[in-house]
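Summary of structural features
Chain residues, written in single-letter form:
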Amino acid sequence: MPVVLVVDDEPLQRDIMKTILTAEGYETLTASSGQEALGIIKKFHPDVILTDLRMEGMDGIELMQSVPKLPFEPSIIIITAHGTISSAVEAVRKGAFDYLTKPLDKDTILLTLRRAIEHVRLLKENVRLRSELFEKFKIEGIVGKSAMMQKAMEIIRKVSSSSVTVLIRGESGTGKELIARAIHYNSPRSTKPFTALNCAAIPENLFESELFGYEAGAFTGAVGRKEGLFEMANGGTLFLDEIGDLPLVTQSKLLRVLQDKEIRRIGGKETKKIDVRIITATNKDMEKEIADGRFREDIYYRLKVVTIFLPPLRERLEDIPDLVDLFIKKYNQAFGRRIKSIEPAAMKALAGYNWPGNIRQIESVIERAVLMNETGVINSKDIHGELELFQLSGRPFVLDLPPEGVDLEKIEEDLINKAMERSGGVATKAAKLLGMNYKAFLYRLDKSKKVSE
Ligand SMILES: Nc1ncnc2c1ncn2[C@@H]1O[C@H](COP(=O)(O)OP(=O)(O)OP(=O)(O)O)[C@@H](O)[C@H]1O
Ligand SMILES: [Mg+2]
């Protein structure tokens with residue numbers, strides 16, 4: 001039943017109104033002043049507020065402007081005496097749904113009220129549809145019925161509507177980038193660019209020009225001018241992945257942008273206002289990074305206004321069946337295959353594994369299984385070889401040290417070569433297989449090349 005609040009400082013007017021509305025089946029509340037009305041609004045969330053314009057203390061327009069921002073804003077109808085129509089029109093311009101002039105006529109009141117209620121109903125419908133859309137997106141894109149993922153989703157839903165800065169923490173392959181994109185594409189910025197920078201993959205001396213751009217002649221080699229990522233992301237979202245790898249000098253520059261909301265290209269004279277939402281992600285222990293002096297605490301606090309923790313897959317094994325389904329569908333489509341399902345024994349093997357590489361890893365196990373399978377139903381054979389291969393990148397890999405000793409450099413070189421081979425020469429992936437950060441990996445790759453030359 002729609003709830004209507006009548007605000008009038010004349011008791012007789014309130015009573016008449018209440019009688020009319022109650023007779024029509026509306027749940028009717030009354031208040032004798034704007035102040036009293038605010039208390040009732042907070043408590044009962046009326047659908048429509050009928051308020052007199054002229055009242056002692058807070059008048060109708062002031063009341064309208066003080067109504068707290070509720071998820072569903074009530075429609076407001078202003079009631080005005082004959083001589084004050086211009087202020088009523090002004091009220092509509094400021095957001096009132098409509099106005100009524102005294103002397104009040106019952107039919108007009110009810111008609112206006114019905115329209116106002118319909119308006120509120122549509123607004124509510126709209127909010128519901130939007131959250132259904134989110135549900136749909138969630139079902140198609142992000143799997144996670146485990147309690148921990150549900151909690152993460154709840155936060156995602158809450159932060160999507162605003163521009164608050166978000167830090168996403170989680171092990172490698174837990175879906176940090178997927179979540180960052182989900183936040184962007186469910187936010188009012190969704191039609192503007194989502195721009196990403198992997199801080200672990202660019203050399204220290206290039207950060208500034210990547211982020212802020214440069215003018216021609218800013219430094220040797222700066223032939224043309226270049227837009228930085230902040231400018232490219234303007235109006236949208238900038239995703240700084242592996243933020244723990246941002247060098248200290250760049251951290252200070254980032255802090256300035258966060259504070260001033262403006263940037264200046266290298267070698268440029270003018271500053272430019274920018275409106276960019278920042279989302280960062282890391283799999284590092286940031287508290288340790290701070291304690292060891294590699295990350296500035298003041299910046300960290302600005303980045304983690306809201307933190308989303310993505311749990312490792314081994315702590316949410318109940319999500320595995322849905323993930324397997326999702327990836328079977330995905331790779332059926334990609335490879336034009338028609339795998340129908342997975343044998344229970346194979347599913348059990350998946351559920352019993354500890355997944356050091358998290359979702360990325362289970363995705364690639366299913367990808368291969370879909371490709372290799374010959375029967376239409378994935379069996380243990382399709383996945384076992386994969387799981388064994390992956391033990392290499394998992395924690396339980398321990399090498400025995402023979403009495404005569406080993407050639408450590410040779411072993412390192414072999415592993416690096418294997419990792420490069422398996423990742424098709426993509427160094428970032430190879431680094432991940434070896435559990436190393438990209439820079440450390442590049443250094444060793446370079447070293448192993450020199451050794452073998
Ligand atoms: N909850 C999920 N539902 C469905 N797919 C997921 C989910 N989480 C992650 N994925 C998929 O797993 C893969 C890895 O996810 P993503 O790249 O977002 O992880 P990440 O945390 O950024 O990893 P890294 O730390 O290695 O960069 C992607 O293909 C992504 O689509
Ligand atoms: Mg990532």
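This text gives an overview of the structure that appears in the document.

Rules used in this analysis
Residues numbered from 1 in each chain as written. Chains lettered and ligands numbered in written order. Predicted model: local features only at pLDDT ≥ 70, side-chain atom pairs only at ≥ 80, totals over all residues. Heavy atoms only, no water. Helix = DSSP H or I, 4+ residues; strand = E, 2+ residues; numbered from the N terminus. Rg over C-alpha atoms; globule rule 2.2 N^0.38 Å. Buried < 20%, exposed > 50% of the residue type's maximum accessible area, 1.4 Å probe, protein only. Contact = heavy atoms within 4.5 Å. Areas by Shrake-Rupley, 256 points an atom, 1.4 Å probe, with all protein chains shown as cover. Pairing = 2+ DSSP bridges. Axes fitted to C-alpha atoms, helices over the stretch in contact; angles between N-to-C directions.

**What to know about the overall build of the protein chain**
Across its full length, the protein chain holds 19 helices and 16 strands. Taking 453 residues into account, the globule formula puts the C-alpha radius of gyration at 22 Å, and the protein chain, at 30 Å, lies well above it. For the protein chain, the C-alpha atoms occupy an extent of roughly 105 × 65 × 40 Å along the three principal directions. Burial status across the protein chain gives 43% buried among its 453 residues. Residue pairs at least 24 apart in sequence account for 69% of intrachain contacts in the protein chain once pairs closer than 6 positions are excluded. With an accessible surface of roughly 24400 Å², the protein chain has 54% of that area assigned to carbon and sulfur atoms.

**A word on the pairing of strand β10 (residues 237-241)**
Of all five residues in β10, five are buried, a share of seventy percent or more. Across the two faces of β10 the burial is the same, with Thr237, Phe239 and Asp241 and Leu238 and Leu240 all buried. Bridge count between strand β7 (residues 194-198) and β10: five bridges; the pairing is parallel. Considered in β10, the bridge of Thr195 is made with Leu238.

**Description of the environment of Leu104**
Following the sequence through the fold, Leu104 ends up in the loop between β5 (98-101) and α5 (106-141). Take Leu104: its relative accessible area is 27%, and that puts it in the partly exposed class. In this structure, the C-alpha to C-alpha distance between Leu104 and Thr307, residues 203 residues apart in sequence, is 54 Å. The residues touching Leu104, leaving out its near neighbours within four places in the chain, are Gln13, Met17, Ile79 and Ile109.

**Quick notes on the side chain of Thr250**
Its location among the elements puts Thr250 in helix α10 (residues 248-260). Beyond its immediate sequence surroundings of up to four residues, Thr250 is in contact with Phe207 and Leu211.

**Comments concerning the sheet that holds β5**
Judged by pairing direction, the sheet is parallel, and its five strands sit side by side in the order β2-β1-β3-β4-β5 without closing on themselves. Looking at the sheet topology across the chains shown, the edges are occupied by β2 (27-31) and β5. Each neighbouring strand pair of the sheet contributes to a mean axis angle of 20°, computed without reference to strand direction. Relative to β5, strand β4 (residues 75-80) runs parallel, the two sharing four bridges. Bridging across to β5, Thr80 finds its partner in Thr101. Packing of helix α1 (residues 11-23) onto the sheet brings it into contact with β1 (3-7), β2, β3 (48-52) and β4, and relative to β2 it is tilted by some 170°. With respect to the sheet, helix α2 (residues 34-44) is in contact with β1, β2 and β3, its orientation differing from that of β2 by roughly 145°.

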